[in-house]
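# Tertiary structure, described
Chain by chain, the residues:
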Amino acid sequence: MDEPFYKTAAIGYDELFARATNSFIPSLLKAARIAPGHRVLDVATGTGAAAQAAAIIVGPSGAVIGGDISPAMLESAKRNLKDQPITLATFDAHALPYEDRRFDVVTC
């Protein structure tokens, strides 16, 4: 991982890409068939927009983990998600640190 690239990308990600990214989130979540109570893993969560939308759907009986390889992206996500019930984790999507069948849905 080239952290300087990810760090630079994290700085302006929301300002530059949020509009385009956010326009795809409803279709992503619909295709994933997320429902109340689901356990969701959002891989490459970036600044947390899809994880945030998933958390609204799963509600208090569900759970969302948003993960990214970039600590800088996760810092942005932490600021964006503040008091929301979303767990953030640093991991490489090529080597997920979770056992099989832990999640009902995995998004990216």
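Look up: the structure comes first, before these words.
Here the residue numbering is sequential within each chain, running from 1 through the sequence in written order. Side-chain atom pairs in this predicted model are given and counted only at pLDDT of 80 or more, local residue features only at pLDDT of at least 70, and totals for whole chains, interfaces and linings cover all residues. Note that the side-chain values use all heavy atoms of the structure and ignore hydrogens as well as water.

## Some details on the packing of aromatic side chains
- Stacked, edge-to-face and tilted labels apply to pairs of Phe, Tyr and Trp rings (six-membered ring for Trp) whose centres lie within 6.5 Å, assigned for plane angles under 30 degrees, over 60, and everything in between, in that order. Counted according to the given criterion, the structure contains two aromatic pairs.
- For the ring pair Phe-91 and Tyr-98, a centre distance of 5.8 Å and an interplane angle of 90 degrees mean the geometry is edge-to-face.
- For the exposure calls, accessible area comes from a 1.4 Å probe over protein chains only, and a residue counts as buried if that area is under 20% of its type's maximum, exposed if over 50%, partly exposed in between. The buried category is assigned to Phe-91, whose relative accessible area is 7%.
- Seen from their ring centres, Tyr-98 and Phe-103 are 5.2 Å apart, and the 90 degrees between their planes marks the pair as edge-to-face. Of the two residues, Tyr-98 and Phe-103, neither departs from the other in class, the shared state being buried.

## Comments concerning the sheet that holds strand β2 (residues 63-68)
- Following DSSP output, two strands are said to pair if at least two bridges run between them. Labels follow the DSSP assignment, with helices taken as runs of H or I lasting at least four residues and strands as runs of E lasting at least two, numbered in each case from the N terminus. If you trace the four strands from one edge of the open sheet to the other, you get β3-β2-β1-β4, paired in parallel fashion. What marks the edges here is a single partner per strand, and that holds for β3 (86-90) and β4 (105-107). Neighbour to neighbour, the strand axes of the sheet diverge by 20 degrees on average, direction disregarded.
- Bridge count between β2 and β3: five bridges; the pairing is parallel. When the sheet's bridge partners are listed, Gly-67 is paired in β3 with Ala-89.
- Relative to β2, helix α2 (residues 49-58) is tilted by about 170 degrees, and along the sheet it contacts β1 (39-43), β2 and β3. Only the stretch in contact is used when a helix axis is fitted, and all axes are lines through C-alpha atoms; the angle between N-to-C directions ranges over 0 to 180 degrees. Working rule for contacts: check all heavy atoms of both residues, and any pair within 4.5 Å makes them a contact.

## Remarks on α2
- Among the residues of α2, those classed as buried are Ala-50, Ala-51, Ala-54, Ala-55 and Val-58. Along the axis of α2, the buried positions cluster into a sector of 140 degrees, meaning they face one direction only.
- Phi turns positive, to about 65 degrees, at Gly-59, one or two residues after α2. This arc describes the spread of directions from the helix axis toward the C-beta atoms.

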